[in-house]
Every structure is written in structure tokens, then in C-alpha cells.
Amino acid sequence: MPSIHFLDVTNRDGVQTARTGLSKFGKVMVNFYLGRLGVAQSEIGFPFLFHEVPYVRACLALAEAGAFGGLRLSGWCRAVPADVEAAVAVRAGADDGSGLRHYNLSISTSDQMIAHKFRGRLDRDSVISEMVAAVRAARDGGAQTIGVNAEDGSRTDDGFLLEFATAAREAGADRVRYCDTIGGDTPDRIRERFAKLASSIRIPVETHCHNDLGMAVANSVSGALGDLDAGQDAWVNTCINGIGERAGNADLLSCILAFSHGFGVAGKAPIGDPLDLSWARRFGWWASYAFGQPLPQNQPGVGRNAFAHESGIHADGALKDRQNYELYDDDTLGPFPDDWFTRAGRVVLTGEYGGKAGFRHVMEGIGIEIAEGDEDLAFSLVQMCASASGKPLADDELRLIGSYPRQLALLFPGVTS
């Protein structure tokens, strides 16, 4: 039976949100939370870029140590063999260390992009040949799964989209990502296109929806239903809190809730990975803090007003039985965070100038035990990570540092483990 999977792109698309930023340690924390939540896959970034390499190595080592649970780590590359070969060369440690095993390879497919982005450098035939060469490079490099991205797929005509997707499948791709790059698609249209394309190529078509018209979640749900109509698994791209380029991407929690509780949607297919939504509020609020992007009061699930009632009629009904006015139980989303630095601010771990006494005091205060021989390394990492983010470290950040200092040391070449 077909199932639904979530592939989060916060660490690739989300971190490109204008007027914000996230440290490499922050990107590690995104993977930590995705693993705790039970999401299938994280697109961790750009492994062919030199400044991402230490972060990718650290993530591979952390995954090997079990820090991310069953989360798959995938790299995004341009559909260019040189990019793929550079990504394949990244290893956690020694030459025989584990590398990335999952990839998404992207190239533009619409006539608009071919004419006005490539400007004669590529035509339709060369778009396909570049993509096929990149897929083969990934397979030769040991990839376990490959997704091929049709950037601006929503403005690509049916005929060429089918030709491109067929070539991707024949080259060895496992999925084709249909990118609504400028957010102009609509639910009926995208469902029909997904069903038609997935039926023809007989592999899943992955949703990647932007929110320029406020329909990213609706389009993601509808595209996934098109996959199910075709008898294929659905893979849904998301970002935490709906961040991303311009008006953002499909919100992770909203998509999960839609497939779990949406009328006419819930029960269409099982979610293929065991989710633990008790981490939802911790993740959403941590991301708001780390990105410096305040959560709207009415943010689905995790906003302060998501379960608040003002109207007398609503309040009366909710007090009698909250199911009168609430679609799902907010207890399933876990508690709002109450971290050390917000409640006991006498000593906080803010940057490179803290001392050992304060470090020990905070770590003991939140119950973190560091393995014998790793205290000095963990202390150095706290200084480095807090300095990189410019903010006091959250409890979960300290827990990750205290639990996996030797793997996290790969983030900072020169810090000895």
C-alpha cells in the first residue's frame, strides 16, 4: 500500500530565507529535531561547497553514532557531475568513513528558465543530458537513493516534463521532484499533474511547494494525493515553521497535521515513518529562536493562540468539551519549552568568554552527564557553538554537545577530540 513520507528541506531551502541566518551548529540541531520528530529524510545542505564540508562530516559521524535516530541525510547538488563527485568525496573521517548515500540533483526545466536563466548555454536536450550524467555520477559514487529535481516544474509543459522524468527514471532516479518554484500552482491542477506524471513514470513524484499565494500546504497535500491516485508513495518537502525563499515553503507541522486530521485526507494512506509529535513545540520554538523569526500567534499547532479561545460561544463550548472547537489534541504536540537560560538567568552559556565553573553549573542544572575525558572538549564546543550563534545555548543544544562531543568536534577543524 502506498504511504506518505516527509523530506524536510529546512537545512537547504529554509536557511536561504532572506534577512535571517543559521550557524552550522544550528543546522546540526535541525537534523537532531527532525530525527526526534521521526521525519524520514533531511536535505542537509550543499555538500559540494567547501564551507559545508566540516558540517557534513560532523552530521555523518553523528548519524553513525545514532544522534539522529533513523533520519536519512541527503545532499542537494546541481545536476552537474562535478558537484556530485565533490559531494561523494566527503567522508565522516578516514578514507573508509561513511559518506552521503542520498542525493537530490536539481536543474531547471521550464522554457522560461531555459531561455532566460541559461540564456543559450543549455537547451532541452542538454538539460536532460546534464541530468542523466549527474544521476550516473551519483550511482557510481554509491548513492542508495536519488531524487531528480525539475526546478520550475509547475511552469514546464506536460510533454517535456514527462520526457525529463522518464529519462531520470531510466538513468536510475528513485523519485522526481516537481518544484512549484514560484508558488503559482493550485490544488486541483497539481493533483491532476502528479497523478498523470506518477502513473506514466511509475515512481513517486515529490512535492516541493512555495507559498507565494498562501497555498504551499494545500498544494503539497494535493500533489501527494495525486501520487496516491497513481498508486505511488508520496514524498512531501517541508520547512520548519514554513520558512524559506520569499513567502516560504510548506510548513512541516501543518502538512503532518493535514495528513493526520484533514477531512477527506486523513486515512487515505498511512504515514510511512513513526512520528513523535511531542517534539513539535520544542522544534518550532527552538527554530524561531535560532533563526530570529518570531512565530505568529496563530501558527498552526505551535503558536500561542493555536488553542486559545476568546469568543464567549467558543469558550463556553471548549470548556464543556474541547473537541467542540478543537480539531486535534494539543497535548500531542508536547510542552512549550522552558529552557535554563529563560528561567534561571544568573549564569548562561553565551559565548567564548565563559568559564569552567559556569559551564559545570549549567550542565549539572539541566542534568547533563559528560563522559569521562570529554569535559574539556565539550567545554570548548560550548564556547564555539555559542559564539557561532551569538545566543545563549538552548537545553537541547547543550544535551547534544554533552552526548556527542567527539562527533561534533568535526564541525570545527582544529578543535581536538
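So, here is what we can say about the structure in this document. (Residues numbered from 1 in each chain as written. Predicted model: local features only at pLDDT ≥ 70, side-chain atom pairs only at ≥ 80, totals over all residues. Heavy atoms only, no water.)

Regarding the overall build of the protein chain
Phase 1: Looking only at helices and strands, the protein chain features 16 helices and 8 strands.
Phase 2: The globule rule puts the C-alpha radius of gyration for 417 residues at 22 Å, and the 22 Å found for the protein chain is close to it.
Phase 3: Reported as C-alpha extents along the three principal axes, the dimensions of the protein chain are approximately 65 × 65 × 40 Å.
Phase 4: Buried positions account for 56% of the 417 residues belonging to the protein chain. (Helix = DSSP H or I, 4+ residues; strand = E, 2+ residues; numbered from the N terminus. Rg over C-alpha atoms; globule rule 2.2 N^0.38 Å. Buried < 20%, exposed > 50% of the residue type's maximum accessible area, 1.4 Å probe, protein only.)

Things to note about the nonpolar core
Phase 1: Within the largest apolar cluster, 136 residues are counted, with the highest numbers of intra-cluster contacts made by F25, V28, L105, M131 and W286.
Phase 2: Those residues in contact with W286 that sit more than four places away from it in its chain are L22, G26, M29, V30, Y33, A394 and E397. (Core = buried A, V, L, I, M, F, W, Y, C linked by side-chain atoms within 4.5 Å. Contact = heavy atoms within 4.5 Å.)

A word on the pairing of strand 3 (residues 72-78)
Phase 1: Summarising burial for strand 3: 5 of the 7 residues are buried, a large majority.
Phase 2: One ladder, built from 4 bridges, connects strand 2 (residues 41-45) with strand 3; its direction is parallel. Looking at strand 3, one finds that S42 is bridged to L73.
Phase 3: Handedness of the crossover joining strand 2 and strand 3 through helix 2 (residues 53-65) is recorded here as right-handed.
Phase 4: Of the strand pairs in this sheet, strand 3 and strand 4 (residues 102-108) are connected by 5 bridges, and their pairing is parallel. Bridge assignment links C77 to a residue of strand 4, and that residue is L105. (Pairing = 2+ DSSP bridges. Right-handed = clockwise from strand over helix to strand, strands pointing away.)

Quick look at the side chain of H210
Phase 1: Residue position: H210 is located in the loop between strand 7 (205-209) and helix 8 (216-229).
Phase 2: Here D13 takes part through its side chain, which lies 3.5 Å from a polar atom of the side chain of H210.
Phase 3: Engagement of the side chain of H210 in a polar contact is seen with the side chain of H208, the distance being 3.3 Å.
Phase 4: For H210, the contacting residues outside a window of four places in its chain are D13, D180, T181, G183, A216, E245, R246, G248 and N249. (Polar contact = N/O pair within 3.5 Å; in protein donor to acceptor, adjacent residues only side chain to side chain.)

Re unusual backbone geometry
Phase 1: With a phi close to 65 degrees, D152 is a non-glycine residue in the positive phi region.
Phase 2: Tracing the chain through its elements places D152 in the loop between strand 5 (145-151) and helix 6 (158-171).
Phase 3: The buried category is assigned to D152, whose relative accessible area is 0%.
Phase 4: If you check the backbone angles, R246 has positive phi at about 55 degrees while not being a glycine.

A few points about the packing of helix 1 (residues 24-37) against helix 10 (residues 280-291)
Phase 1: Here helix 1 crosses helix 10 at 165 degrees, and the two axes come no closer than 10 Å. Considering the angle they form, helix 1 stands roughly antiparallel to helix 10. The chirality of how helix 1 crosses helix 10 is left-handed. Judged by residue contacts, G26, M29, V30, Y33, L34 and L37 of helix 1 engage A280, R282, F283 and W286 from helix 10. (Axes fitted to C-alpha atoms, helices over the stretch in contact; angles between N-to-C directions. Parallel < 35°, antiparallel > 145°, perpendicular 65-115°, else oblique. Left-handed = near helix turned anticlockwise from the far one by under 90°.)

Looking at the packing of helix 1 against helix 2
Phase 1: Taken N-terminus to C-terminus, the directions of helix 1 and helix 2 make an angle of 30 degrees; their axes are 10 Å apart at the nearest point. Here helix 2 runs roughly parallel to helix 1, going by the angle between their axes. In this structure, helix 1 crosses over helix 2, and the sense of that crossing is right-handed. Contacts from K24, K27, V28 and N31 in helix 1 reach Y55, C59 and L62 in helix 2.

A few points about the packing of aromatic side chains
Phase 1: For the coordinates displayed, the defined rule picks out 14 aromatic pairs.
Phase 2: Ring geometry for F6 versus F259: centroids 6.0 Å apart, planes at 65 degrees, classification edge-to-face. Note that F6 is positioned in strand 1 (residues 4-8) and F259 in helix 9 (residues 252-261), a separation of 253 residues in sequence.
Phase 3: A residue is classified by how much of its surface remains accessible, and F259, at 4% relative accessible area, is buried.
Phase 4: Joined through ring pairs, the aromatic side chains of F32, Y33, W279, F283 and W286 make up one cluster.
Phase 5: Just above the ring of W235 sits the side chain of R175; from NZ or CZ to the centre is 3.9 Å.
Phase 6: For the cation-ring pair, R281 lies above F336, with the distance from its terminal atom to the ring centre recorded as 4.4 Å. (Phe/Tyr/Trp six-rings, centres within 6.5 Å; stacked < 30°, edge-to-face > 60°. Lys NZ or Arg CZ within 6 Å of the ring centre and 35° of its normal.)

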